Amino acid sequence: MSHNSNAYLQGIVLDEETYCSFGELCRLCGASAEQIHEMVAEGIISPEGRTPAEWRFTLVSLHRVQTVVRLHQDLHINLPGCALVLELLDELDSLRSLLARS
Amino acid sequence: MEYKDYYQILGVARDASPDAIKQAYRKVARKFHPDVNKEKDAEARFKDIGEAYEVLKDPEKRSAYDRFGANWQAGEQFRPPPDWDAGSYEFHGSTAGAQGFSDFFEALFGQARAQSTRQEFRMQGEDQQAAISISLEDAYRGTRQTLTLNRPEMDEQGHVSMRPQQLNLVIPKGIMAGQRIRLEGQGLPGHGGAAPGDLYLEIHFIPHPLFKAEKRTIHLQLPITPWEAALGASLTVPTLDGKVQLKIPPNSQNGSKLRLRGKGLSTEKTQGDQIVTLQVVLPEAHTEEQRALYRSMAEKMAFNPRTDLGV
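Residues numbered from 1 in each chain as written. Chains lettered and ligands numbered in written order. Predicted model: local features only at pLDDT ≥ 70, side-chain atom pairs only at ≥ 80, totals over all residues. Heavy atoms only, no water.

**A closer look at the sheet that holds strand S10 (residues 257-260) of chain B**
Residue and element names in this part refer to chain B. For clarity, the cut-off: Each pair of strands is called paired provided DSSP finds at least two bridges between the two strands. Numbering goes from the N terminus for both helices and strands, where a helix is a DSSP run of H or I of at least four residues and a strand is a run of E of at least two. Between N-to-C directions, angles cover 0 to 180 degrees, with each direction set by a line fitted to C-alpha atoms, over the stretch in contact for helices.
Spatial ordering of the open sheet is given by S6-S7-S11-S10, a layout of four strands whose pairing is mixed. Every interior strand has two partners, whereas the edge strands, strand S6 (212-214) and S10, have only one. Adjacent strand axes in the sheet meet at a mean angle of 30 degrees when their direction is disregarded. In this sheet, strand S11 (residues 274-280) lies alongside S10 in antiparallel orientation, the contact comprising four bridges. Bridging from a neighbouring strand, Leu258 pairs with Val276 of S11.

**Quick look at the interface of chain B and chain A**
Threshold: Throughout, a residue-residue contact means that at least one pair of heavy atoms, one from each residue, lies within 4.5 Å. By definition, the buried area sums, over both parts, the 1.4 Å-probe accessible area that each loses when the two are put together. What counts as a salt bridge is simple: a side-chain nitrogen of Lys or Arg found within 4 Å of a carboxyl oxygen of Asp or Glu. Polar contact is the term for a pair of N or O atoms within 3.5 Å; when the atoms are in protein, one must be able to donate a hydrogen and the other to accept it, and sequence-neighboring residues count only if both atoms are side-chain atoms.
The interface of chain B with chain A comprises 39 residues on the first partner and 29 residues on the second. Summed over both sides, the interface between chain B and chain A buries roughly 3,100 Å², with carbon and sulfur atoms accounting for 55% of that surface. Between B:Glu184 and A:Arg27 there is a salt bridge, with the nearest N and O atoms lying 3.5 Å from each other. Counting across the interface, chain B meets chain A through eleven residue pairs in polar contact (both at pLDDT 80 or more). Of all the secondary-structure elements, those providing two or more residues to the side of chain B that touches chain A are helix H2 (18-32), strand S2 (143-154), strand S3 (160-171), strand S4 (180-183) and S6 of chain B. For the side of chain B that touches chain A, the element with the most residues is S3(B), which contributes five residues.

**Some words on the confidence of the model for chain B**
Low pLDDT means the predicted atomic positions in that stretch should not be read closely. Residue and element names in this part refer to chain B. Rules: Within a predicted model, pLDDT stands for the predictor's per-residue confidence, ranging from 0 to 100.
Mean pLDDT over chain B works out to 88, with 88% of the residues at or above the 70 mark. Considering only residues more than four positions removed or in separate chains, one finds that residues 114-119, a stretch of pLDDT under 50, has five contacts. Confidence metrics for the complex model read pTM 0.82 and ipTM 0.88.

**Focus: the environment of B:Pro226**
Residue and element names in this part refer to chain B. Cut-off, in case you're wondering: Whether a residue is buried, partly exposed or exposed follows from its accessible area with a 1.4 Å probe, protein chains only, as a fraction of its type maximum: under 20%, in between, or over 50%, in that order.
Note on placement: Pro226 falls in helix H7 (residues 226-231). Given a relative accessible area of 22%, Pro226 falls into the partly exposed group. For the pair Pro226 and Phe105, spaced 121 residues apart in sequence, the C-alpha separation works out to 68 Å. If we skip the residues at most four places from it in the chain, Pro226 touches Val280, Val281, Leu282 and Pro283.

**Observations concerning the pattern of salt bridges**
Scanning all chains against the criterion turns up 18 salt bridges over all chains. A salt bridge links A:Glu48 to A:Arg56; its shortest N-O distance comes to 3.3 Å. Where B:Lys263 meets B:Asp241, a salt bridge forms, and the shortest distance between an N and an O atom there is 3.0 Å. You can see B:Lys263 sitting in the loop between S10 and S11 and its partner B:Asp241 sitting in the loop between strand S8 (233-239) and strand S9 (242-248), a full 22 residues away along the chain.

**Notes on a positive patch on the surface**
Residue and element names in this part refer to chain B. Here is the rule: Each patch is assembled from residues with relative accessible area greater than 30% and no salt bridge, linking like charges that lie within 9 Å and nonpolar side chains (Val, Leu, Ile, Met, Phe, Trp, Tyr) that lie within 5 Å. Each accessible area is a Shrake-Rupley result for a 1.4 Å probe, and residues are judged covered by the shown protein chains and nothing else. Just so you know, the count uses Lys and Arg for positive and Asp and Glu for negative, and it drops His and the chain ends. Taken as the charge centre is NZ of Lys, CZ of Arg, CG of Asp or CD of Glu, depending on the residue.
Side chains of Lys22, Arg26, Lys27, Arg30, Lys31 and Arg45 sit close together on the surface and give a patch of like positive charge. The greatest single-element share of the positive patch, amounting to five residues, is contributed by H2. By secondary structure assignment, the location of Lys31 is in helix H2. Judged by relative accessible area, Lys31 falls into the exposed class, the value being 55%.

**Observations concerning the nonpolar core**
What counts, and what does not: Throughout, nonpolar core names a set of buried Ala, Val, Leu, Ile, Met, Phe, Trp, Tyr and Cys residues whose side chains join them through atoms within 4.5 Å.
Grouped together as the largest cluster of nonpolar side chains are 56 residues, with contacts concentrated most on A:Leu25, A:Ile36, A:Ile45, A:Phe57, B:Leu10 and B:Tyr65. Ignoring any residue separated from it by four or fewer positions in sequence, one finds B:Leu10 in contact with B:Ile21, B:Ala24, B:Tyr25, B:Val28, B:Ile49, B:Ala52, B:Tyr53 and B:Leu56.

**Some remarks on the side chain of B:Asn168**
Tracing the backbone shows B:Asn168 in strand S3. At 3.0 Å, the side chain of B:Asn168 and the side chain of B:Thr146 are in polar contact.

**Thoughts on the packing of helix H1 (residues 22-29) of chain A against helix H2 (residues 33-42) of chain A**
Residue and element names in this part refer to chain A. So the rule is basically this: Just so you know how the angles are binned, under 35 degrees is roughly parallel, over 145 roughly antiparallel, 65 to 115 roughly perpendicular, and the rest oblique. As a working rule, the residues Ala, Val, Leu, Ile, Met, Phe, Trp, Tyr, Cys and Pro are called nonpolar, Asp, Glu, Lys and Arg charged, and the rest polar, with Gly in that last group.
The interhelical angle for the contact between H1 and H2, taken along N-to-C directions, is 110 degrees, at an axis separation of 10 Å. The orientation of H1 relative to H2 falls into the category roughly perpendicular. Of H2, the residues touching H1 (which contributes Phe22, Leu25 and Cys26) are Ala33, Ile36 and His37. In terms of residue class, the contact of H1 with H2 is made up of five nonpolar, one polar and no charged.

**Side note on the packing of aromatic side chains**
Quick note on the threshold: Pairing of aromatic rings covers Phe, Tyr and the six-membered ring of Trp, with a centre-to-centre limit of 6.5 Å; geometry is then stacked below 30 degrees between planes, edge-to-face above 60, and tilted otherwise. Lysine and arginine charges are scored as sitting over a ring when NZ or CZ, respectively, is within 6 Å of the ring centre and within 35 degrees of the ring normal.
If you walk through the whole model with that rule in mind, you get ten aromatic pairs over all chains. Seen from their ring centres, B:Tyr3 and B:Tyr65 are 5.8 Å apart, and the 5 degrees between their planes marks the pair as stacked. Highlighted residues: B:Tyr3 in the segment before helix H1 (6-10) and B:Tyr65 in helix H4 (residues 59-69), separated in sequence by 62 residues. In this structure, B:Tyr3 and B:Tyr65 share a single accessibility class: buried. Pairing B:Tyr25 with B:Tyr53 gives two aromatic rings, centres 3.9 Å apart and planes at 0 degrees, and the pair type is stacked. Taken as a pair, B:Tyr25 in helix H2 and B:Tyr53 in helix H3 (residues 42-56) lie far apart in primary sequence, 28 residues in all. Its relative accessible area of 9% is what places B:Tyr25 among the buried residues. Feature note: the residues B:Tyr3, B:Tyr6, B:Tyr7, B:Tyr65 and B:Phe104 constitute an aromatic cluster, connected by ring pairs. The lysine or arginine in question, A:Arg56, covers the ring of A:Tyr19, its NZ or CZ lying 4.0 Å from the ring centre.

**Structural notes on the side chain of B:Ser102**
Residues and elements named next belong to chain B. Take Ser102: it is sitting in the loop between H4 and helix H5 (103-109). Classification of Ser102 by relative accessible area gives buried; the value is 12%. Dropping the residues within four chain positions of it, Ser102 is found in contact with Lys4, Tyr6 and Glu51.

**Some words on the sheet that holds strand S5 (residues 199-205) of chain B**
Taken in spatial order, the four strands make up an open sheet running S1(A)-S4(B)-S5(B)-S1(B), and their pairing is mixed. Each having just a single partner strand, strand S1 (12-13) of chain A together with strand S1 (128-134) of chain B make up the two edges of the open sheet.

Here it is as structure tokens:
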């Protein structure tokens, strides 16, 4: 694998301002349509739009999906468990940054 | 290479039962999983844990490992005996990631390869996670940085080792701590001609002596005198964009917050602000003249800040 050592790589910021479609999310995460459907049902990711064809996800969803896939594969946690883990991790992050500011 | 004490890694006794080993593995895997544990060495420890379980869960590998284990301690320099046959071990449901097992493991058990032959084996490369620390000034303005990453490289004998590689990156302005940047195709190489994985870069901030960042907002504590608070003032205040003038309204109190628009972490789409929190600092009275000034204030501005306490 060669890298052009003079080129500066840009990349995309996975923020709440940039959106992708259902199909794009599947491709970016390497997840199947069924897996994404299940995660939406579980509330792990929340798209805008009424039907799957209209669904738009912010790129923050990418990290959430990939984390769930890893937690499921590595630690055998089921989907509702993964959803709870993500929520608790978010809360921990908030608390840590509150602590850091005091 | 260093000897690895797999029993110590899982926290079990050398005579632990298979059930005890499985239980210990599950518990310690949860503890050090990199998505859950944010310590720097979590990923390396998680890898060691997977490797330890790979050996201790298999009776054949475990007894082979035990044959050498009794005389060695973790970290000691180790070499397998000349008549050791590493090629005869099978792998089922391997816990190895794409980066494989340690040199120590491979010296004892050979390289874990996929069941199909090497030519037929084709799989997209795995993603790689990395973190980069930048200053708040860099985040405010955007910057270019060079990152050094360890990546696996295969030599002519097919042996994989980790080599440092350099990547030149653009960090866009207004990036926040904890945000990730996705660099497509910059992850680990694919197998059998398949595409490489992607690189995910997590942004961390170096602690700043003056400012604290909370999402897009930059926070600054600003010490002011009692007369600046009571009478109002125009003060010079530091920002990530240099010094600016800030008007303190008259009769400001300790803890009052003032907003400097656009002086936080702003992107093209979203503005971030700087919040200045006023910290009224009282000069101490050391001379009689200074004490007299305070007594004069007490007489002329009588008020009880403790009425709500009922005292």
